[in-house]
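Structural overview for review
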Amino acid sequence: MPRDTVSESAKPSGFEILGVRIDRESMESALDWIESRVTQGGRHTAQFVNAHCLNLAYRHRSYSRVLSRADRVFADGSGIRLACRILGLEQPDNVNGTDMLPLLCERAAANGLRLYFLGGAPSVACYAAQELVRHYPGLKVVGNSHGYFGPDQDESVCADINRSGADIVLVGMGAPRQEMWIDTNRQRIDAALVMGVGGLFDFYSGRIPRAPLWMRRTGLEWCWRLAQEPARMWRRYVLGNPLFIARVARERLDRRFEERARERLLSRYDRPFALMLHRLRFAVSSALWRAGIWAWHAAKRGLDIAAAGTLLLMLMPFFLAVAALIRLESPGPVLFRQKRVGLHGKLFTMWKFRSMYIDAEARKAALMAANEMQGGVLFKMKNDPRITRVGRFIRKASIDELPQLWNVVTGDMSLVGPRPPLPSEVALYSLRDRRRLDGVPGITCTWQVSGRSNIPFPRQVALDVEYLESRSLWRDLVILLKTVPAVLTGRGAM
Ligand code: UDP
């Protein structure tokens, strides 16, 4: 939901608790802002956050992101004030929806603003509207709806709000449902302001009596709520309140630690020099880091082109001999092309010498039951009847893989890298398995030189990922050298 530029430019000062930015508003300035948004038009959002909301935001990043997209976040309740005290921040005003509603109704009645109430059990929003209209003559509550509906009804609820011509929509469906609902549906609603207000209609409909004034003034309203609905509220208050304080206390320690580290740095030099040094260090280390990555890629590509190009030229007579043998045993093309999955899931054509009869792929489905590979993703069997005699030999000696030197020259593959999988194999990958697509695939890699396809699939993935995370040119050279004896002894080959 894009924030409008006007509200951004007029943004009040704020503070952050547990990763949520809260605006420092008084009740009066919050109401002024609401009125000005309606006059200005556009689409604006306001949310109230209390200790419970911040606990939710701490656990759920998606909720925290939704709050960060609101144009205003008001500090609701004594929990936020206590957190500010712990963090050594100036105390904000308590701007909560329940206290704001009568004042908002007063202004709305005076200025002809139209309200819509959404949320609460059936009839609750309607009773709340009737009560408020009785108290504030001239107030226009142009529509209401209960808050118990599924996502399939979102569209009709939004249409009803739009038909009502409301300027301000109050959504009382409890946190985090109301904030998430507003975020998802904001663009469908024409009203200038949509606010999440919690269980407010319950109070104003008379369904749930509000705490006595002295409890509200002393920050003990939560005790009242707990006594009213202990089964629902004990988690929120009995567990949630101490948890919130513990989290804020930890944030205070973190902030102190950061501050001390900064002070230590600043005390060593005079301030501008320290900052300059800091920036310089950052710039140099970033440049070195980028240069290192670039140099590694350039060196690996250079090695690939030089080595694969030279080998292709040198082996040309040998390739012609192998090609002749393949054609002599069985009709069909000499080379076998197959779609494989490369870097970041990109498909490419991989070349091999043909080692099977030409109807091999069609017969694979019938042979699936005899699959010998563990893990169910790869398919291999020892006495595969589809393999030709020449094929068996070139497979054993890994000669069938040599045309991939051309894939290395074109850049789809590298000499060293995870084995390029088939699209059908990738379709069975879990998200974790897909990490092996994070590098350019290769002809050989760690697991080929340590037992080849005898290793179960999950272990292959682990080895590939470990290679990608710790690759170096030196390591590539070691793997290439180890590949030679592995191929000569046919260790692990099928
Ligand atoms: N509610 C709703 N739809 C739902 C769940 C809850 O409209 O799917 C209403 C519920 O009837 C109550 C309010 O949301 O009126 C939640 O009240 P609560 O006291 O939990 O909210 P808070 O003010 O503490 O955020």
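Residues numbered from 1 in each chain as written. Predicted model: local features only at pLDDT ≥ 70, side-chain atom pairs only at ≥ 80, totals over all residues. Heavy atoms only, no water.

As a further point, take the site of the ligand. The immediate surroundings of the ligand are formed by 17 residues, with Gly120, Gly147, Gly199, Asp202 and Arg236 found nearest. Side-chain polar atom of Asp202 to an oxygen atom of the ligand: 2.6 Å apart, as the coordinates give it. One of the side-chain N or O atoms of Arg232 is found 2.9 Å from an oxygen atom in the ligand. In isolation the ligand exposes 540 Å². Once the protein is present, 82% of that is buried. Of the residues in the shell around the ligand, the class split is five nonpolar, seven polar and five charged. (Near = heavy atom within 4 Å. Polar contact = N/O pair within 3.5 Å; in protein donor to acceptor, adjacent residues only side chain to side chain. Areas by Shrake-Rupley, 256 points an atom, 1.4 Å probe, with all protein chains shown as cover. Nonpolar A, V, L, I, M, F, W, Y, C, P; charged D, E, K, R; others polar.)

Taken together, the six strands give an open sheet; going across it, the order is β4-β3-β8-β7-β5-β6, and neighbouring strands pair in parallel fashion. The open sheet has two edge strands, β4 (72-75) and β6 (140-145), and neither has a second partner. The mean inter-strand angle of the sheet, taken between neighbouring strand axes irrespective of direction, is 20°. Summarising the sheet, strand β7 (residues 168-172) and strand β8 (residues 193-196) pair through four bridges and their orientation is parallel. (Pairing = 2+ DSSP bridges. Helix = DSSP H or I, 4+ residues; strand = E, 2+ residues; numbered from the N terminus. Axes fitted to C-alpha atoms, helices over the stretch in contact; angles between N-to-C directions.)

Let us look at the nonpolar core. Membership of the largest hydrophobic core comes to 37 residues, with the highest contact counts inside it found for Phe74, Met100, Phe117, Ile168, Leu170, Met195 and Phe201. Broken down by secondary-structure element, the contributors of at least two residues to this core are α2 (27-40), β3 (44-49), α6 (97-111), β5 (114-119), α7 (124-135), β7, β8 and α10 (200-204). Looking at this core element by element, the count peaks at six residues for α2. The contact partners of Ile168, leaving out residues within four places of it in the chain, are Ile34, Val38, Leu104, Leu113, Arg114, Leu115, Tyr116, Ala191 and Leu193. Formed by 23 residues, the second largest nonpolar core is a distinct cluster that contains Val334, Val408, Leu415 and Leu468. (Core = buried A, V, L, I, M, F, W, Y, C linked by side-chain atoms within 4.5 Å. Buried < 20%, exposed > 50% of the residue type's maximum accessible area, 1.4 Å probe, protein only. Contact = heavy atoms within 4.5 Å.)

Let us look at the pattern of salt bridges. Within this structure, the stated rule accounts for 26 salt bridges. The partner of Lys346 in a salt bridge is Asp412, and the shortest N-O contact between them spans 3.6 Å. In this pair, Lys346 is assigned in the loop between β9 (335-341) and β10 (347-353) and Asp412 in the loop between α17 (404-410) and β11 (414-416), connecting sequence segments 66 residues apart. Taking relative accessible area as the criterion, Lys346 reaches 53% and is therefore assigned exposed. (Salt bridge = Lys/Arg side-chain N within 4 Å of Asp/Glu carboxyl O.)

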